[in-house]
Amino acid sequence: MADISEKLQQQVMQAYENDTPLNIIGGNSKAWYGREPQGEPLYVSGHSGIVNDMPSELVITVRAGTKLSEIAGALDKHGQRLPFDPPYFGEDATIGGTVACNFSGPRRPYAGSCRDFMLGCTMLNGKGEKLRFGGEVMKNVAGFDVSRLMAGSMGTLGVLLDVSLKILPHRLAEQTVVIDAGFKQAIKLMNHWAGTPLPVTAMCADGNLVYFRICGTPSAVERSMRDIGGSIYEDGKAFWKDLREHQLDFFQSDAPLYRLSVPPAAAFEPLAGTTEHDWFVGWGGAQRWLKSDVDFAVVQSYAQKLGGHAKLLRGGDREAEVFPPLAPALMALHKQLKHSFDPKGLLNPGRMYKDL
Amino acid sequence: MPAQLLSSLAKLLPESALLTSEEALRPYECDGLSVYRGLPFAVALPETMEQAQSIIQLCKQLNTPVIARGAGTGLAGGAMPTKDAVVLSLAKFNQIIEVDVDNRTATVQPGVRNLAISEAVVEHGLYYAPDPSSQIACTIGGNVAENSGGVHCLKYGLTVHNVLGLKFLTMDGELIELGGKALDNAGYDVLALLHGSEGLLGVIVEVTVKLLPKPEMAQVCMAMFDDIEKAGQAVCDVIAAGIVPAGLEMMDSLAIQAAEAYAQVGYPTDVAAIVLCEVDGTAHGVNDYIEKVEAVLTGAGAVETRISQNEEQRLQFWAGRKAAFPAVGRLAPDYYCMDGTIPKARLAEVLKQIAAWSDAFGLPVANVFHAGDGNMHPLILYDANKAGELEKTEAFGKKILELCVQVGGTITGEHGVGVEKLDAMCVQFGKTELEQFFAIKDAFDDKRLLNPGKAVPTLHRCAELGRMHVHNGELPHPELDRF
Ligand SMILES: Cc1cc2nc3c(=O)[nH]c(=O)nc-3n(C[C@H](O)[C@H](O)[C@H](O)COP(=O)(O)OP(=O)(O)OC[C@H]3O[C@@H](n4cnc5c(N)ncnc54)[C@H](O)[C@@H]3O)c2cc1C
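The shown structure was predicted, so the numbers you read here are calculated from the model rather than taken from an experiment.

Moving on to the overall build of chain A. Of regular secondary structure, chain A possesses 10 helices and 17 strands. The C-alpha atoms of chain A give a radius of gyration of 21 Å, which matches the 21 Å a tight globule of 356 residues would have. Its C-alpha atoms give chain A principal-axis dimensions of roughly 60 × 50 × 35 Å. By residue count, 63% of the 356 residues in chain A fall in the buried class. Counting contacts in chain A only where the partners sit at least 6 residues apart, residues at least 24 apart contribute 69% of the total. Split by element, the accessible area of chain A, about 12,800 Å² in all, is 49% carbon and sulfur.

Given below as structure tokens:
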């Protein structure tokens, strides 16, 4: 629990002066993600603590080095939570790293992603200037929306110092039900129920079963269970947590793990060279994991055909590109944006794309 | 140069798609904030992507500003023309390109009206959630450019939360595609950055929106209060009770009286405030929550509560709120709509201060709020024909915005900065943030030709104004002379 923003600012200014590339490190729980980290470590986890917790405003402001577990604990005290259900991928996970990766959990299609809940941030740009964007209110269109831009930028645009996030209350009741279904049928079922007003808050499929999580008032949950049918899955809470944390058996493999983001109803046809066992479908069909040695380019063009894109999530060749390729004009724009925040290209260089 | 611009434009567009006579330009001289006016050099109404692209390229080549325009309902002067500029109207980009029921998306051209999307998909039990009060007229392109909200955004989010994909033209005329029907897009979140960018970063030419299933049921609890502070607290209590209402709105006595006189919906006119709280979802969930809402509002001191018993009554409860702007419009020759957002806990305090200023300025104020998200719309009543009254109104408005920033809020929740709130931006942001905004602008538009002079004030302007944005205890713009 300390404010070390001045020290961090000094470090970034120093790096700017000396042209030193920086590798921004929060809890170091996601070092495996993105391209290989490069540069002098800049440790942010010391910059931690809850700055402003405002339950009746549905807003919390926290320093970037604050652990997710600390935030969850504080919110839980007044019956609230981070709505995007972030995966931790390690006990030390911080909110800064989570925002930089824009990681969201199984609830994402129904509640929104990490970036959706960003309200404001304080950050250091590549020159070490301290900047504040957005704020602690729900609606704010003053100035360009830099806070949301920071989400998912992998630390390449700035060092987050604190973030303000919208929070939501816990639901009163929760139940998980399962139905026997292969992937094709599962995708149909998940999209069918997503098109109804039932309070479904997570859906996924493993090729044998399709899983539905229903949250709401007890009577709404009961009624939804009747509509959806299937059978109760007793250990639902643990299942969704294991999915979120990639602790399910499916994820225990040494093969590269690809993550595809596709339109939720895109038909399931396993890619040539893969079998159904290599796949797991989350986010009601919109997120699909593939563990396979198939070439990234092949996976990419497959995802594009489905109307989406793919990234190499874990393992594989991290010297090469791991995120979806961008069209030349869009890549040029990315470089200009990067330059506008970090003119010397010192913040997490190459962590996202080789040339950013 | 003007002659060259004109003749080149004429080559790119059919005669009917290029307006240049004063008479034809008149309807474009302002947006919904009509106190700011100006005629453009020309208005171009392209019908095809190629036309739009070549107009932009021509303008870049001739250093001519380009001002994108949707329906012109903006309330901050964002689409207001300047005399050297070409207004690029997207009015003819008005086609719904595709409705994808399976993926629950609609892909539309930017000139499609907000409400037209929901109308087009109602047969599938779907709708597009963001519902600005102007939704019969405003366009989806304008909604993206302003990141518009509506009565239901507390639960369903703003425009940025409901758009999956965009295509836009850069000032080089390059077509860039972002996202699609998947839930997230690759690279930086340029999609989010374009939301609320007020036409400064690119011209939006296609939008893919997320469609939601229509809730099975919705119910409103209307609660009357004899004290506005109690009403403000009641709003906080609803949220603190763990309820996420679909809408949570509030009106003060002047707004209530105006709405009742205008719409005759049965609002009691002798109360200090009305809170409207809507819950929606499945029938079971709604039944559970509406009772809880009523209990909380009663506990907070409501003198009376009513729960809508059917759809007709629900709409009736809302009708007064929805008519609030035109209703207030009948109370005085003109009104000036503010748009600050504040933490809800500061509502009572801010209202008291506004009332005190209202007395001091001798200008009545009616208050209408998106209370659930702290977005206030104080409507200052004035008469533009009375000498000095507009200036007085603007001075009053600025004080309100400064107060919003002081209590930890923002100068604009959903209407945008446009030309109207440029000075207030100097209060909210310091030099480094403004410089970063310009750096972002330059990344997209190095010649600063897209809607120049809007949304972000120059450092010079802020210095001239002498606005003291105190940032980390430092004086703003120490490098610039003070006048
Ligand atoms: C009676 C009334 C009620 C209103 N209620 C609400 C409300 O509840 N919530 C709310 O948020 N707003 C509200 N507004 C404000 C306004 O309707 C919104 O800001 C709306 O989004 C503007 O859309 P438009 O098509 O009219 O855009 P315009 O006014 O034409 O333009 C607005 C801005 O967007 C830019 N722009 C327009 N189209 C494009 C494009 N294709 N590409 C790039 N830039 C573009 C323009 O340059 C300008 O800066 C209200 C306005 C009125 C008059």
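After that view, the rundown keeps rolling.
It is the contact of helix α7 (residues 218–228) of chain A with helix α10 (residues 283–299) of chain B, at a shortest axis distance of 8 Å, that shows an interaxial angle of 175 degrees. Taken together, α7 of chain A and α10 of chain B sit at an angle that is classed as roughly antiparallel. Within the contact between the two elements, α7 of chain A uses Ser219, Ala220, Arg223 and Arg226 of chain A and α10 of chain B uses Ala283, His284, Gly285 and Asp288 of chain B.

Residue and element names in this part refer to chain B. Overall, the predicted model of chain B reaches an average pLDDT of 94, with 96% of residues at or above 70. Low confidence marks residues 468–483, where pLDDT is under 50. Its contacts with residues over four positions away, or in another chain, come to 34 contacts. Across the assembled chains, the prediction reports ipTM 0.98 with pTM 0.96.

Contact residues are listed per partner, giving 70 residues for chain A and 83 residues for chain B. Between Glu216 of chain B and Arg223 of chain A there is a salt bridge whose closest N-O contact spans 2.6 Å. Taken together, the connections running from chain A to chain B amount to 26 residue pairs in polar contact (both at pLDDT 80 or more). No other element matches helix α10 (residues 328–341) of chain A, which puts 9 residues into the side of chain A that touches chain B.

Time to look at the site of the ligand. Residues and elements named next belong to chain B. In the vicinity of the ligand there are 32 residues, among which Ala68, Gly70, Thr73, Ser134 and Thr139 approach most closely. In this structure, an oxygen atom belonging to the ligand sits 2.6 Å away from a main-chain N or O atom of Ala68. Ile204 has a polar backbone atom sitting 2.9 Å from a nitrogen atom of the ligand. In isolation the ligand offers 970 Å² of accessible surface; the protein chains occlude 93% of this area. Top contributing element to the shell around the ligand by residue count: helix α5 (residues 140–146), with 5 residues. Residues that form the shell around the ligand fall into these classes: 11 nonpolar, 17 polar and 4 charged.

Looking now at the environment of Leu165 of chain A. All names here are of chain A. Position of Leu165 among the secondary structure elements: in strand β8 (residues 159–166). Judged by relative accessible area, which is 0%, Leu165 ranks as buried. The spacing of Leu165 and Leu271 is 106 residues in sequence and 38 Å in space, taken between C-alpha atoms. Once you skip the residues sitting within four places of it in the chain, Leu165 turns out to touch Leu58, Val59, Ile60, Leu82, Phe84, Ile95, Phe117, Met118 and Leu119.

Before going further, it helps to spend a moment on the packing of aromatic side chains. The full count for this structure, using the stated rule, is 29 aromatic pairs over all chains. Here Phe323 of chain A and Tyr353 of chain A contribute two aromatic rings whose centre-to-centre distance is 6.1 Å and whose plane-to-plane angle is 50 degrees, an arrangement assigned as tilted. Of this pair, Phe323 of chain A sits in the loop between β17 (309–314) and α10 while Tyr353 of chain A sits in the segment after α10, and the two are 30 residues apart along the sequence. A centroid spacing of 6.4 Å and a plane angle of 80 degrees characterise the contact between Tyr127 of chain B and Tyr156 of chain B, whose relative ring orientation is edge-to-face. With a gap of 29 residues between them, Tyr127 of chain B in strand β7 (residues 126–127) and Tyr156 of chain B in helix α6 (residues 153–156) connect regions that are remote in the sequence.

This next bit is on unusual backbone geometry. Although it is not a glycine, His246 of chain A sits at a positive phi angle of roughly 55 degrees. Checked against the element boundaries, His246 of chain A lands in the loop between α8 (236–244) and β14 (257–261).

How each quantity is defined
- Residues numbered from 1 in each chain as written.
- Chains lettered and ligands numbered in written order.
- Predicted model: local features only at pLDDT ≥ 70, side-chain atom pairs only at ≥ 80, totals over all residues.
- Heavy atoms only, no water.
- Helix = DSSP H or I, 4+ residues; strand = E, 2+ residues; numbered from the N terminus.
- Rg over C-alpha atoms; globule rule 2.2 N^0.38 Å.
- Buried < 20%, exposed > 50% of the residue type's maximum accessible area, 1.4 Å probe, protein only.
- Contact = heavy atoms within 4.5 Å.
- Areas by Shrake-Rupley, 256 points an atom, 1.4 Å probe, with all protein chains shown as cover.
- Axes fitted to C-alpha atoms, helices over the stretch in contact; angles between N-to-C directions.
- Parallel < 35°, antiparallel > 145°, perpendicular 65-115°, else oblique.
- pLDDT = per-residue confidence, 0-100.
- Salt bridge = Lys/Arg side-chain N within 4 Å of Asp/Glu carboxyl O.
- Polar contact = N/O pair within 3.5 Å; in protein donor to acceptor, adjacent residues only side chain to side chain.
- Near = heavy atom within 4 Å.
- Nonpolar A, V, L, I, M, F, W, Y, C, P; charged D, E, K, R; others polar.
- Phe/Tyr/Trp six-rings, centres within 6.5 Å; stacked < 30°, edge-to-face > 60°.

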